[in-house]
Amino acid sequence: MKKGIKAVICLALVIGLTSSLFGCAKINYITNGTIGAINEVKSGDWKKTDEATPAAADSEEDKAVIDEFQAGTFGGVEFKTIDDVIKYYADAYNKTKAKKAMFENEKGEVVEMYAFADEKSMEVKDILVEGKANAVIDKLIPQLLSALYAPTIGGLHPCNAREPENDKDENGESLMTCRVTADDVVTANVKDNGDGTITITMQPKAVNMSRVGLDSQGKFYTTLNDIGEVVDQVDALSWASGTTEENCTVNYRGGTVIVKIDTKSGEIVEADYNMIAYVKVQHANIAVVKDKSLSATVDYRCHFPASKEFYDKVKCHPVN
């Protein structure tokens with residue numbers, strides 16, 4: 001078996017891990033996507049395309065990637081501390097997420113969903129197998145993602161369901177109100193846009209193996225929860241040593257949340273939730289491939305409000 005094909009099999013594992021972000025990917029798609037990728041490699045002139053190992057991703061140190069907080073009055077609102085910023089964001093979040101609207105879903109049913117809906121995109125990048133990059137793998141990622149990634153709309157993050165009554169964490173508690181506190185952020189800042197709106201930018205603190213709604217990352221993003229549940233469903237996978245918990249890690253750090261708020265209504269009018277997750281797998285056995293390591297970066301972006309083009313893409317539209 002050629003080295004590139006072995007790498008594609010390992011890549012399927014990463015796609016399996018990240019598919020749980022969307023709640024609708026099927027485990028058997030992993031196998032189908034991998035077979036398609038292998039056939040694509042076999043059909044062409046496969047060439048060894050290993051590149052030099054790129055510089056390691058930023059250390060897991062939790063450092064600020066946005067401007068530090070500066071006290072002041074922005075858009076007529078005074079912010080003395082980061083706590084003031086977070087409280088203002090939480091109030092705007094609660095007002096905005098409380099709004100509901102009727103949508104016609106992909107089945108033609110009219111149901112109640114969050115009025116302020118998002119559009120999603122995901123990129124898997126910086127994939128390293130045994131510490132090395134391969135151009136063939138990078139070329140195949142879009143094919144595998146298209147087989148697995150079925151985006152849909154949702155409410156302000158974290159959000160486990162587009163229907164408010166179903167939007168709950170793993171403990172059955174509602175996610176309709178903001179849980180973020182000042183202790184959950186590295187820093188935050190405010191900008192006056194000069195048009196009756198302000199922009200708040202926040203950076204959540206780093207978390208390993210985040211759970212939706214239950215930690216600093218999960219209070220901002222719809223994170224992966226327990227990836228072990230997904231990994232353990234891949235029958236072909238075993239470990240050369242250690243357990244799933246020991247061999248699979250997801251470190252969330254360096255992401256940002258940027259929201260534009262109308263100071264008159266106190267509601268969010270535009271937002272970007274940019275989550276970054278660093279996935280690492282080690283000691284993996286898949287078929288004849290033994291004791292391999294793999295790492296990748298998942299860049300998951302959710303923009304509000306969703307565009308008409310995105311509504312058309314997911315076949316779900318607001319009812320006027």
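Our structure's up above, just so we're on the same page.
Analysis parameters
Residues numbered from 1 in each chain as written. Predicted model: local features only at pLDDT ≥ 70, side-chain atom pairs only at ≥ 80, totals over all residues. Heavy atoms only, no water. Helix = DSSP H or I, 4+ residues; strand = E, 2+ residues; numbered from the N terminus. Buried < 20%, exposed > 50% of the residue type's maximum accessible area, 1.4 Å probe, protein only. Areas by Shrake-Rupley, 256 points an atom, 1.4 Å probe, with all protein chains shown as cover. Expected span 1.5 Å × (residues − 1). Pairing = 2+ DSSP bridges. Salt bridge = Lys/Arg side-chain N within 4 Å of Asp/Glu carboxyl O. Disulfide = S-S within 2.5 Å. Phe/Tyr/Trp six-rings, centres within 6.5 Å; stacked < 30°, edge-to-face > 60°. Core = buried A, V, L, I, M, F, W, Y, C linked by side-chain atoms within 4.5 Å. Contact = heavy atoms within 4.5 Å.

What to know about the overall build of the protein chain
The helix and strand tally for the protein chain stands at seven helices and 14 strands. Put simply, the protein chain has 320 residues, and 48% of those count as buried. If you sum the accessible surface of the protein chain, you get close to 15000 Å²; carbon and sulfur atoms cover 48% of it.

As for helix α3 (residues 82-97)
Helix length check: α3 (16 residues) gives 22 Å between terminal C-alpha atoms against 22 Å at 1.5 Å per residue, within 8%. When we look at burial in α3, the residues that qualify are Val85, Ile86, Tyr88, Tyr89, Ala90, Ala92, Tyr93, Thr96 and Lys97.

Some thoughts on the sheet that holds strand β4 (residues 110-114)
Strand order in the open sheet formed by three strands is β4-β3-β14, with antiparallel pairing between adjacent strands. Either end of the sheet is taken by a strand with one partner, and the two such strands are β4 and β14 (317-318). Pairing of strand β3 (residues 100-104) with β4 involves five bridges; the strand directions are antiparallel. Bridge assignment links Ala101 to a residue of β4, and that residue is Met113.

Thoughts on the pattern of salt bridges
Scanning the model with the defined rule gives 14 salt bridges in all. Note that Asp118 is salt-bridged to Lys120, the shortest N-O span being 3.2 Å. Residue classification places Asp118 among the buried residues on the basis of a relative accessible area of 0%. The shortest N-O distance in the salt bridge between Lys125 and Asp299 comes to 3.5 Å. Of this pair, Lys125 sits in strand β5 (residues 119-129) while Asp299 sits in strand β13 (residues 289-304); the two residues are 174 residues apart in sequence, bridging distant segments of the chain. Accessibility expressed as a relative area gives 28% for Lys125, which makes it partly exposed. On the basis of relative accessible area, Asp299 is assigned to the buried category, the value being 7%.

Looking at the state of the cysteines
The tally for this structure, following the rule as stated, stands at zero disulfides. Here Cys302 stays unpaired: no disulfide links it, and the sulfur of Cys159, its closest cysteine neighbor, is 9.4 Å away.

A few points about the packing of aromatic side chains
Applying the stated criterion across every chain, the model contains eight aromatic pairs. Note on Phe79 and Tyr88: the rings are 5.5 Å apart at their centroids and 80 degrees apart in plane angle, and the pair reads as edge-to-face. A residue is classified by how much of its surface remains accessible, and Tyr88, at 18% relative accessible area, is buried. Ring geometry for Phe220 versus Tyr221: centroids 6.5 Å apart, planes at 50 degrees, classification tilted. Ring pairing ties together the aromatic residues Tyr89, Tyr93, Phe220 and Tyr221, which thus form one cluster.

Thoughts on the nonpolar core
In terms of nonpolar packing, the biggest core is built from 50 residues, with Phe79, Tyr89, Ile200, Met202, Val259, Ile268 and Tyr273 touching the most fellow members. Looking at which element gives the most residues to this core, the answer is strand β12 (residues 267-286), with eight residues. If we skip the residues at most four places from it in the chain, Val259 touches Tyr89, Ile198, Thr199, Ile200, Met202, Ile268, Glu270, Ala271 and Tyr273. Core analysis: the next-biggest nonpolar cluster, separate from the first, contains nine residues, Phe103, Ile153, Phe310 and Val314 among them.

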